[in-house]
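The lines below spell out each chain.
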Amino acid sequence: MKETAESVVVLDFGGQYNRLIARRVRENNVYSEVFPYTLSLEEIKKKNPAGIILTGGPNSVNEKDAPLCAKEIFELGIPVLGICYGAQAMAKILGGEVTHADVSEYGRTETEIVASSPLFDGVGGKTVCWMSHTDKIAQLPPGFTVTAKTANCPVAAMENGAKKLYATQFHPEVLHTDEGKTMLKNFVLNVCGAKGTWQTESFVQTSVESLREKIGGGKVLCALSGGVDSAVAAALLSRAVGKQLTCVFVDHGLMRKNEGEEVEAVFGAKGNFDLNFIRVNAAERFYSRLKGITDPEAKRKTIGEEFIRVFEEEAKKIGAVDFLVQGTIYPDVIESGLGKSAVIKSHHNVGGLPDYVDFKEIIEPLRLLFKDEVRAVGKALGLPGCLVNRQPFPGPGLGIRIIGEVTADKVKILQEADAIYREEIDNFGVAPELGQYFAALTNMRSVGVMGDGRTYDYAVALRAVKTDDFMTAECAALPWEMLHKTANRIVNEVKGINRVLYDCTGKPPATIEFE
């Protein structure tokens, strides 16, 4: 992505939800990107940001070799907001004192605003904020004042207004902080003075220009899975280079019911896109490679590597290919680890690539977008609503919705159960309020009774969550009548299942997918 007229730089100290900060900034139509805290002062100056945000992290600033940014960052005249660990780092670097807290704070905490602050404009005198810390700011740096406190945290927020330096011990980026969005909006638009003119749709024009310049007359191979991300990536490349693009749809036998035919109908010869489309039926090849593999990471990497090998073979058939396009998006990058952040799970199009790839370069045009931003780009490109609003589907497909070894029989069972679940979701009209929903086949078998006979079959787990960014999610309270009907249909219509479960876990502590 080309540099924008105004942006906010987020310096990452290793927390898991730091990209939510960038997401919240973008909600105010200001571009934001996350960089490791080690980003040099020179690089920061080149980006000429309207503001800088220091994120949370798992360390203590008092540890030996604790991650700290350069003191000069606070002397650039650019507004800085420190969050949690970022607040403590600001305090320590600028001459304050951070000590171990007598009482740690976790979760929703009543917070009192004790001083007027542009950060809290429009926020009441008392509000609820999300805390997660074991250290506290015991002594303010020179020039700072306390602007918020809690019963156990005397410095829940501080600032040096003259130097436009602000800090919160709590996390305004998470939805559990009641007025968090207002606080970040105040920082970005009021303190930083950003105009809020960046639009996701503008991404299309700048990306098309950038892709044309980068690709030139080269040939491009797109890894088209049929999901929203790869579909938008394909449409974007089609707009940029037309017939220079060949989309290879690998039907790995791990798609949802009838999905292969639906993908071909949109992108194949009868579709409306200016590109070359190839469908490769490779189900048996993938089942063979997955035989005996039960570890989730091993499955992801195996599927990712096999994808690449199939693409290499197709590339040789069509001649020299210069670029491989993938639909990697920002949450994929985040969960695969960036800088000092912990790896949650590798993604087949991020951390699961084999060491050797037979292409000049990999292009990931959506790498810096969140899911809802990807959908907005898809609409701007003219993709049909049935595709843009399609349920998210991971690249490894049902391979990571089947716990344990993947077999053709298990895939068939899950396809049927998942199709029934999605059909009833639509019938009851609850789909619009859900971020994602699907069925997963557990590795648990249990005794059941059907008619007068004993069964010993699999349990299927139903999942439905509400989320706006896929970084956090809460379990959806689906109508019991719908769940009851779905369970009834599954055990009666799908051979091999005798028990239906509903997953009530949020993210965190769980991930949205099962593996």
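No experiment lies behind these values; they were computed from the predicted model shown.

Novice: Which parts of the structure should I look at to understand the overall build of the chain?
Specialist: Summing up its helical and strand segments, the chain has 14 helices and 18 strands in all. Principal axes of the C-alpha set define a box for the chain whose edges measure 70 × 65 × 40 Å. The burial tally for the chain puts 59% of its 515 residues in the buried class. In the chain, the proportion of contacts linking residues at least 24 apart, taken out of those at least 6 apart, comes to 74%. Just so you have it, the chain exposes about 21000 Å², and 48% of that area is on carbon and sulfur atoms. With 59 positive and 67 negative side-chain charges, the chain shows a spacing of 2 Å between the two charge centroids.

Novice: Teacher, can you tell me more about helix H5 (residues 202-215) here?
Specialist: Residues spaced three or four apart along an α-helix point in a common direction, a consequence of the helix completing one turn every 3.6 residues. For H5, with 14 residues, the first-to-last C-alpha span of 20 Å sits near the 20 Å given by 1.5 Å per residue. Listing the buried residues of H5 in full gives Phe-203, Val-204, Ser-207, Val-208, Leu-211 and Ile-215. The arc that holds every buried residue of H5, seen down its axis, measures 125°, which confines them to one face. H5 presents Gln-205 and Glu-213 as exposed residues on the side facing more than 90 degrees away from its buried surface. On its buried side, H5 packs onto strand E10 (220-224), helix H6 (228-241), strand E13 (323-325), strand E14 (361-363) and helix H11 (371-380). Positioned one or two residues after H5, Gly-216 has a phi angle of 60°, which is positive.

Novice: Help me understand the environment of Gln-139, please; the structure alone is not making it clear to me.
Specialist: Following the sequence through the fold, Gln-139 ends up in strand E6 (residues 126-139). Sequence separation between Gln-139 and Phe-311 is 172 residues; the distance between their C-alpha atoms is 58 Å. Once residues within four sequence positions are removed from consideration, Gln-139 is found in contact with Gly-96 and Glu-97.

Novice: Mind showing me how you'd approach the packing of H5 against H6 here?
Specialist: H6 packs onto H5 with a crossing angle of 60° between their chain directions and a minimal axis gap of 9 Å. When the interaxial angle is binned, H5 and H6 end up oblique. The two elements H5 and H6 cross, and the hand of that crossing is right-handed. Residues Phe-203, Val-204, Ser-207, Val-208, Leu-211, Arg-212 and Ile-215 of H5 lie in contact with H6, whose contacting residues are Leu-236, Leu-237, Arg-239, Ala-240 and Val-241. Partitioning the contact of H5 with H6 into residue classes produces nine nonpolar, one polar and two charged.

Novice: Where do I start with the pattern of salt bridges in this structure?
Specialist: For side chains bearing opposite charge, pairing can occur when the charged atoms are close. As enumerated under the stated definition, the model contains 30 salt bridges in all. For Asp-229, the salt bridge identified is with Lys-371, shortest N-O distance 3.0 Å. With a gap of 142 residues between them, Asp-229 in helix H6 and Lys-371 in helix H11 connect regions that are remote in the sequence. On the basis of relative accessibility, which here comes to 13%, the residue Asp-229 falls in the buried class. With a relative accessible area of 8%, Lys-371 lands in the buried category. Ionic pairing is found between Arg-279 and Glu-264, a salt bridge with its closest N-O pair at 2.9 Å. Residue Arg-279 is found in strand E12 (residues 276-281), and its partner Glu-264 is found in helix H7 (residues 259-267); the two are separated by 15 residues along the sequence. The exposure class assigned to Arg-279 is partly exposed, which follows from its relative accessible area of 24%. Relative accessible area serves as the criterion here: at 34%, Glu-264 is assigned to the partly exposed category. When salt bridges with common partners are traced through the structure, they connect Arg-23, Arg-24, Glu-27, Lys-181 and Asp-372 into a single cluster.

Novice: What is the right way to look at the packing of helix H13 (residues 408-427) against helix H14 (residues 480-493) in this model?
Specialist: Closest axis-to-axis distance for the H13/H14 pair is 10 Å, and the angle between their directions is 150°. Of the possible angle classes, the one that applies to H13 and H14 is roughly antiparallel. With respect to the hand of their crossing, H13 and H14 are arranged in right-handed fashion. Across the interface between the two elements, Ala-417, Ile-420, Tyr-421, Glu-423, Glu-424 and Ile-425 of H13 pack against Met-482, Lys-485, Thr-486, Arg-489, Ile-490 and Glu-493 of H14. Across the contact of H13 with H14, the residue classes tally to six nonpolar, one polar and five charged.

Novice: Quick question: what am I supposed to make of the environment of Arg-463 here?
Specialist: You can see Arg-463 is positioned in strand E16 (residues 453-466). Given the relative accessible area of 0%, Arg-463 is considered buried. Separated by 316 residues in sequence, Arg-463 and Thr-147 have C-alpha atoms that sit 42 Å apart. Aside from chain neighbours lying at most four places away, what touches Arg-463 is Tyr-421, Gln-436, Tyr-437, Phe-438, Asp-503, Thr-505, Gly-506, Ala-510, Thr-511, Ile-512 and Phe-514. In terms of polar contacts, Arg-463 uses its side chain to reach the backbone carbonyl oxygen of Thr-511, at 3.0 Å. Within the local environment of Arg-463, its side chain forms a polar contact with the backbone oxygen of Ile-512, the two atoms lying 3.1 Å apart.

Rules of the game
Residues numbered from 1 in each chain as written. Predicted model: local features only at pLDDT ≥ 70, side-chain atom pairs only at ≥ 80, totals over all residues. Heavy atoms only, no water. Helix = DSSP H or I, 4+ residues; strand = E, 2+ residues; numbered from the N terminus. Buried < 20%, exposed > 50% of the residue type's maximum accessible area, 1.4 Å probe, protein only. Contact = heavy atoms within 4.5 Å. Areas by Shrake-Rupley, 256 points an atom, 1.4 Å probe, with all protein chains shown as cover. Lys, Arg positive; Asp, Glu negative; His and termini not counted. Charge placed at Lys NZ, Arg CZ, Asp CG, Glu CD. Expected span 1.5 Å × (residues − 1). Arc of directions from axis to C-beta. Axes fitted to C-alpha atoms, helices over the stretch in contact; angles between N-to-C directions. Parallel < 35°, antiparallel > 145°, perpendicular 65-115°, else oblique. Left-handed = near helix turned anticlockwise from the far one by under 90°. Nonpolar A, V, L, I, M, F, W, Y, C, P; charged D, E, K, R; others polar. Salt bridge = Lys/Arg side-chain N within 4 Å of Asp/Glu carboxyl O. Polar contact = N/O pair within 3.5 Å; in protein donor to acceptor, adjacent residues only side chain to side chain.

Remember, this is a structural readout, not a statement about activity or role.
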